[in-house]
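# Commentary on secondary and tertiary structure
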Amino acid sequence: MTSTCSECGALKIAAEVASRLVIPATTSWTLARCQKLAKSNEPPNAAELTFLRAVVPDTAARLACLEDEISRLQERLACLETERTELADYHSQNTAILSPLRRMPSELIAEIFSWSLPTAYETRGPDVKRSPWVLAQVSSRWRNISLSTPSLWSLVKIWGKNIDKLDIDMIRTQVDRARKLKVHFYASEDGSSVPQIKFFDFLSEHAARWEELSVQLTPTLVPRLGALRGRLPSLQRLWIQGAENHVGHDHIKCFETASSLVDVGISGPFISIPFPTHQLTSCRLQGPWDTHQRILKMAPNVVEACIRIVPESNGEESWPNASGPTLDLSHLRRLYVSHAEILDYIRAPGLDAIAVWVDQPTGVAARLDSFLIRSSCTTLRRLYFNSIPHVSTTAEILKKYPFITSLVLSLGERTEEESNAALHDHLTMLSVQDDSASFVQSPQLTEISLASPLSVPIDYPLCLKMLQSRRKHPNCALTTATFVTVEGPGPDPVTLAGMKELRDGGKDILVQLGSEAQKHFDRWMYACPWI
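Just so you know, these numbers come straight off a predicted model, no measurement behind them. (Residues numbered from 1 in each chain as written. Predicted model: local features only at pLDDT ≥ 70, side-chain atom pairs only at ≥ 80, totals over all residues. Heavy atoms only, no water.)

## Describing the packing of aromatic side chains
Heads up, the rule is: Between rings of Phe, Tyr and Trp, where Trp is taken as its six-membered ring, a pair exists when centres lie within 6.5 Å; planes separated by under 30 degrees are stacked, by over 60 edge-to-face, and by other angles tilted. Burial classes follow relative accessibility: with a 1.4 Å probe on protein chains only, a residue under 20% of its type's maximum area counts as buried, one over 50% as exposed, and anything between as partly exposed. Comment: elements are numbered from the N terminus, with helices defined as DSSP H or I runs of at least four residues and strands as E runs of at least two. Two conditions define a charge sitting above a ring: the NZ of Lys or the CZ of Arg must be within 6 Å of the ring centre, and it must be within 35 degrees of the ring normal.
Applying the stated rule across the entire model yields 9 aromatic pairs. Between Y401 and F403 the ring centres are 5.6 Å apart and the planes differ by 55°, which places this aromatic pair in the tilted class. Y401 gets classed as buried once you look at its relative accessible area, which sits at 9%. Geometrically, the ring pair formed by Y460 and F483 is edge-to-face, given 5.9 Å between the ring centres and 65° between the ring planes. Of the two residues, Y460 is situated in helix α14 (residues 460–472) and F483 in strand β17 (residues 480–485); the sequence distance between them amounts to 23 residues. For the pair formed by Y460 and F483, the shared burial category is buried. Every member of this aromatic cluster is reached through a ring pair, and the members are F185, F200 and W210. Its guanidinium or amino end placed over the ring of W153, R177 lies 4.6 Å from that ring's centre, counting from NZ or CZ.

## Description of the packing of helix α7 (residues 168–177) against helix α8 (residues 193–204)
Spelled out, the test is: Helix axes are fitted only over the stretch in contact, all axes being lines through C-alpha atoms; the angle between N-to-C directions runs from 0 to 180 degrees. Here roughly perpendicular refers to angles of 65 to 115 degrees, roughly parallel to angles under 35, roughly antiparallel to angles over 145, and oblique to all remaining angles. Should the near helix be turned anticlockwise from the far one by less than a right angle, the crossing is left-handed, and should it be turned clockwise, the crossing is right-handed. Two residues form a contact once any of their heavy atoms are found within 4.5 Å. Each residue gets one label: Ala, Val, Leu, Ile, Met, Phe, Trp, Tyr, Cys and Pro are nonpolar, Asp, Glu, Lys and Arg are charged, and the others, such as Gly, are polar.
Two elements in contact, α7 and α8, have axes separated by 11 Å at closest approach and are oriented at 15°. By the angle between their axes, α7 is roughly parallel relative to α8. Along this stretch, α7 crosses α8, giving a crossing that reads as right-handed. Residues I168, I171, R172 and V175 of α7 pack against K198, F199, F202 and L203 of α8. Residue classes in the contact of α7 with α8 are distributed as 6 nonpolar, no polar and 2 charged.

## What about the UniProt feature "coiled-coil region" (unreviewed entry) in the protein?
Rules: UniProt positions are given in the numbering used here, feature names are shortened, and annotations may be inferred rather than shown by experiment.
The sites that UniProt annotates as "coiled-coil region" (unreviewed entry) are residues 56–90. The span residues 56–90 is 100% helical and 0% strand by assignment, and the distance between its end C-alpha atoms comes to 50 Å.

## Overview of the environment of E205
Structurally, E205 is set in the loop between α8 and β5 (210–216). Assessed through its relative accessible area of 59%, E205 is described here as exposed. Here the alpha-carbon distance between E205 and R231, two residues 26 residues apart in the chain, equals 9.5 Å.

## Regarding a nonpolar patch on the surface
So the rule is basically this: Within the patch definition used here, like charges are joined within 9 Å and nonpolar side chains (Val, Leu, Ile, Met, Phe, Trp, Tyr) within 5 Å, considering only residues with over 30% relative accessible area and no salt bridge. Residue-level accessible areas treat just the shown protein chains as cover; the underlying method is Shrake-Rupley with a 1.4 Å probe. Just to be clear on terms, a salt bridge is a Lys or Arg side-chain nitrogen sitting within 4 Å of an Asp or Glu carboxyl oxygen.
A surface patch of nonpolar side chains, amounting to about 260 Å² of accessible area, comprises L63, L66 and I70. The topology assignment puts I70 in helix α3 (residues 46–97). Residue I70 is classed as partly exposed on the basis of its relative accessible area of 43%.

## Considerations on the pattern of salt bridges
Inspection of the entire model under this criterion finds 15 salt bridges. A salt bridge links E69 to R72; the shortest N-O distance between them is 2.7 Å. With a gap of 3 residues between them, E69 and R72 both fall in helix α3, about one helical turn apart. With a relative accessible area of 36%, E69 lands in the partly exposed category. Under the relative-accessibility criterion, R72 is labelled partly exposed at 47%. Across the salt bridge formed by R224 and D201, the nearest N and O atoms sit 2.5 Å from each other. You can see R224 sitting in helix α9 (residues 222–225) and its partner D201 sitting in helix α8, a full 23 residues away along the chain. Ionic contacts of the salt-bridge type, sharing partners, join the residues D263, R284, E304 and R334 into one network.

This is the structure:
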């Protein structure tokens, strides 16, 4: 090791180095002088020559010894590294052989594979870097399992806007590997129609295997639907977009002979598309109330219904006399209504969950009360308000119907000020003032969840305070809370830490943001879960 003198700046030689060299008696001035000479072209004097000629042979000899020692150690190090690499490979080989995955049944691996599949929303078509294609590239066993599991290959999505980027050979391979097909074909007038028709015609050759169809219609695609008539025996789920542009077209009547069809949804204004209404168990439609009424009368077995009222062409909805006939939906379990007035015209004694769009802060309680009495319904467990009503409305309903154990509130589309005020009132109402409080609002609630589908932020600190207060009270049954924020910010670190503490204590606390929050919100709204 070397350093410099603190007084003159001369180079000093560390003791352990100097001990190995024969250094003539000299002074720090001589060393300082040598340092100066090394930084210039000035010739040394006689004394300096004597000093340097004595040192150079010794340092050369020592350097040679060091080079030999380093070379020997490097060779030893190389041997050790080679041994380590070989031993690590051998260890990895043996641990891989011992892996429980090797002993896992193929059926269980196939089930795990199914959970790795992208949803129809997430994919734009076949991708060798994503499941299921990538699974076939890992090992021979994984390839055999993936190729022998047809359900992994059933989802076929064609996106008209990027039709030129799709490989029809990959589509053919996927169709060959699948048994049933889930076809999502979103035609686009912005893309070339020729390749779109080519892909659709190819898929139509396998129409008998279609189990699911989600389709965006275009003028060039509609005529191709006619060939599907009588060829859809396996079709169970149908979702149509863009149908309003093709009213009365004979080709879209192809679905009325789909003998297995049980789930129908139409995005946009409803048009009369013939389908086997009597066998439906799920329907999601938009249109005037008389259209919904007519369809639901012919669908006595419907279990889930999403009723979105779209007013008549004059912009107003004409509601029939409330004393008129009531729709008896004895099998209905899950219901979404875009207008609380709809509840005046239906009876659902077995309803398990209801979601109501609240367009006015008050008035919902009376209609829901009348509906539950008329239905003799005691099975209702989940109540979802899309756009928070007045706090007195919620309190009144929860008090009168203690069998409601799940409350979900959405901030809706009101102003941020209105939404925050309504949320604050509800969280205050649901909070327990102290552990010994004799009165607790709705102690039967096992779930309290909140949603913000737009950019209105949720007051997470106040939510945490409410959860903590109910956790401490012995009479509160709360076990679950879900918070979904589609566009706004999530909880701050302190609040998130508090929620984690509740989760660690056994509570089921979930916070979701962005696209995952949107999926959760759609499920609460009983939107189509498979598109």
